[in-house]
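# Coordinate inspection notes
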Amino acid sequence: MSNLTHSSAWRALAEHRDSIARTSIRELFARNRERVKRFSQEAAGVYVDYSRNLITDDTLALLTALARQAGVEERRRAMFAGERINVTEDRPVLHVALRERAGTPILVDGEDVVPKVSAVLARMRRFTDAVREGAWRGYTGRAITDVVNIGIGGSDLGPRMVCEALKPYGSKALTMHFVSNVDGADIAEVLQAADPETTLFVISSKTFTTRETLLNAHTARAWFLGSDAAEPAIAKHFVAVSTNADAVTAFGIDPGNMFEFWDWVGGRYSLWSAIGLPIALYVGMDAFETLLAGAHAMDRHFAEAPLEQNLPALLALIGIWHTNFFGAASHLIAPYDRYLHRLPAYLQQLDMESNGKSVTLCGERVDYATGPVIWGEPGTNGQHAFFQLLHQGSALIPADFIACMQPQHALDTHHKVLLANCFAQTEALMNGSHAPDAPHRSFDGNRPTNTICLEKLDPASLGALLALYEHKVFVQGVIWNINSFDQWGVELGKRLAVTIEDEIARPEPVSAHDSSTNGLINRFKARRNVHAESTD
Ligand code: G6Q
């Protein structure tokens, strides 16, 4: 047994689970007509109703005791103080410093990083203003009309999701494109419609060594130079966002066109850094800074509120309740807002790359479940697809429903219907419905949900919403005693792909792998040859 599952707080929760499992969320509502008042809260403009979970005052007292026992408050302090809490990479974790707009010093190795952050933001402002105002022109003197961000993982998902979410605030003069996949179809689709005279490429890569990004960047560069443009024109059409100035220079981008960030910003936590350059190009620097301010407001709430009233902590603890005490293996994100359609994909990386770990900080294998599978689709589409399983399937799937009170459009009836569906689903999931003569029409109910409400999806509320999830993931990682800030699990596949890429390039068949891998590589080589001969 691990220290965690052996601990008094954990065992008390297990006992409590056995007694509360005999009741239902519906009964808890019947017992206390004011229940929602007790189990809902607002912070940084985000209202969370977490009353539709199988929790009582006792549950929350036991869960917060678990958090305290696990050292959540101490680790929270350590993160904000810039301590090296990412131990396997020996780095601080300071995405919160990127949103520290009050100038409160945050020290890394004795140096205040806040002025560095401000200096990059000022450069981003000068550059994005120039592009948006048409002062930054392409090599033939025409204004930029298209921005292509080339990046993957943390250098793609955040900016892409935010640009989608903030579309109503985006420039009408700029079309944003995001190329991430090494599948040539991704960049080919963008380039076939692009005009080299008016296209700006943002090469986003923290390391500037990522195979996919560099291959796509080289393809874009070759395409650009294949037009009438000559080498010096690259300076007008290629900028980089990276921590690696040498590699950026080697690629052929002037370091003067590089926007810097730092190794204490994790990839999946980097949209707040210069990785957010596409966001700033699209919505303007004022809106980008409002996004930062929204996140900062949630940071202050997370840093200061006691765990009992701390929204990220409460969501984390309720998640732990479901994952570790009720066996929930996945968690649904259901945004009832079309502009948030990339949010589930973004949260998949944030949560699953952070907490998809099974070794503790002490190097021991865990004997409890850690991060769940995160998935989702916007409502109401999901209702007509997989919601069947939520209502009547055999798996317990807790869900976050996200609703905005004000729409981004004038179609009021649509918005009423949308939110009516959102509220109806969570009610149905909780209450179920009993059909004594028709078991196939019975719904057990008792399916837990949180409903997260924003007044309106705007830069400030989006920033706060994303920070809410970041800190939720942090708290869970602390309780599970894992490192939420490394990602060694993605390394092995990357290494093997380099070997296989080399083998594919050679003429002889391979035999060094298992028979399945050998067979697939050799089949591909043989079929490529047949195809090459037939097209000769
Ligand atoms: C995120 C991960 C990963 C990373 C990509 C791209 O936390 O580290 O998704 O962002 O592999 O890396 P580069 O930005 O270095 O190209």
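Residues numbered from 1 in each chain as written. Predicted model: local features only at pLDDT ≥ 70, side-chain atom pairs only at ≥ 80, totals over all residues. Heavy atoms only, no water.

### Structural notes on empty space enclosed by the protein
What counts, and what does not: A cavity here means a set of points on a 1 Å grid, drawn over the protein atoms and nothing else, where a 1.4 Å probe fits but cannot get out; a pocket is an open set with protein on both sides within 12 Å along at least five of seven lines, and a residue lines either one if it has an atom within 4 Å of a point. Grid points are joined across faces, edges and corners, and a volume is the space filled by probe spheres set on the points. Each helix is a run of DSSP H or I of at least 4 residues and each strand a run of E of at least 2, with the numbering of both proceeding from the N terminus. Under the scheme applied, nonpolar residues are Ala, Val, Leu, Ile, Met, Phe, Trp, Tyr, Cys and Pro; charged residues are Asp, Glu, Lys and Arg; polar residues are all the others, including Gly.
A full pass over the atoms with the stated rule returns 6 cavities of 30 Å³ or more. Empty space within the largest cavity amounts to approximately 70 Å³. As for the largest cavity, its lining consists of Gly 319, His 322, Thr 323, Ala 328, Ser 330, His 331, Asp 351, Pro 372, Ile 374, Pro 398, Lys 472 and Gln 476. Looking at the lining of the largest cavity, the elements with two or more residues in it are helix H15 (311-325), strand E10 (330-336) and helix H19 (459-480). Per-element accounting of the lining of the largest cavity gives the leading share, 3 residues, to H15. Across the lining of the largest cavity, the residue classes break down as 4 nonpolar, 6 polar and 2 charged.

### Examining the site of the ligand
Let me state the cut-off plainly: Distances are taken per atom, and a residue is near a molecule or strand as soon as one of its heavy atoms is within 4 Å of it. Note that accessible areas follow from Shrake-Rupley with a 1.4 Å probe, and for residues the cover is restricted to the protein chains shown. Occupancy of a cavity or pocket is assigned to a molecule whenever over half of its atoms lie within 2 Å of that pocket's grid points.
Surveying the vicinity of the ligand reveals 13 residues, the closest of which are Ser 155, Ser 205, Thr 207, Thr 210 and Gln 349. Relative to its unbound accessible surface of 400 Å², the ligand loses 88% to contact with the protein. More than half of the atoms belonging to the ligand lie within 2 Å of the grid points that define the largest pocket. Grouping the amino acids of the shell around the ligand by side-chain chemistry returns 1 nonpolar, 9 polar and 3 charged.

### A few points about the packing of aromatic side chains
What counts here: Aromatic pairing here means that ring centres of Phe, Tyr or Trp (its six-membered ring) are within 6.5 Å. Orientation follows from the plane angle: under 30 degrees is stacked, over 60 is edge-to-face, and everything else is tilted. Exposure classes here rest on a 1.4 Å probe applied to the protein chains alone. A residue is buried below 20% of its type maximum, exposed above 50%, and partly exposed in between. Comment: the charge-over-ring label is applied if NZ (Lys) or CZ (Arg) is within 6 Å of the ring centre and within 35 degrees of the ring normal.
Counted by the stated rule, this structure contains 21 aromatic pairs. Ring geometry for Phe 80 versus Phe 302: centroids 6.3 Å apart, planes at 40°, classification tilted. Linking Phe 80 in helix H6 (residues 72-80) with Phe 302 in helix H14 (residues 285-304), this pair joins segments that are 222 residues apart in sequence. On the basis of an interplanar angle of 85° and a centroid distance of 4.8 Å, the ring pair of Phe 127 and Trp 136 is categorised as edge-to-face. Each member of the pair, Phe 127 together with Trp 136, is buried. Taken together, the aromatic side chains of Trp 10, Trp 321, Phe 325, Phe 326 and Tyr 368 make up a single cluster linked through ring pairs. The ring of Phe 29 has Arg 35 sitting right over it, with the charged end atom 5.3 Å from the ring centre.

### Some points on the side chain of Thr 449
How we decide: Pairs of residues are marked as contacts when any of their non-hydrogen atoms sit within 4.5 Å.
By the secondary structure assignment, Thr 449 is in strand E13 (residues 449-456). What makes Thr 449 buried here is its relative accessible area of 2%. For Thr 449, the residues in contact, after removing those within four places along its chain, are Asp 49, Arg 52, Asn 53, Ala 399, Phe 401, Thr 426 and Leu 429.

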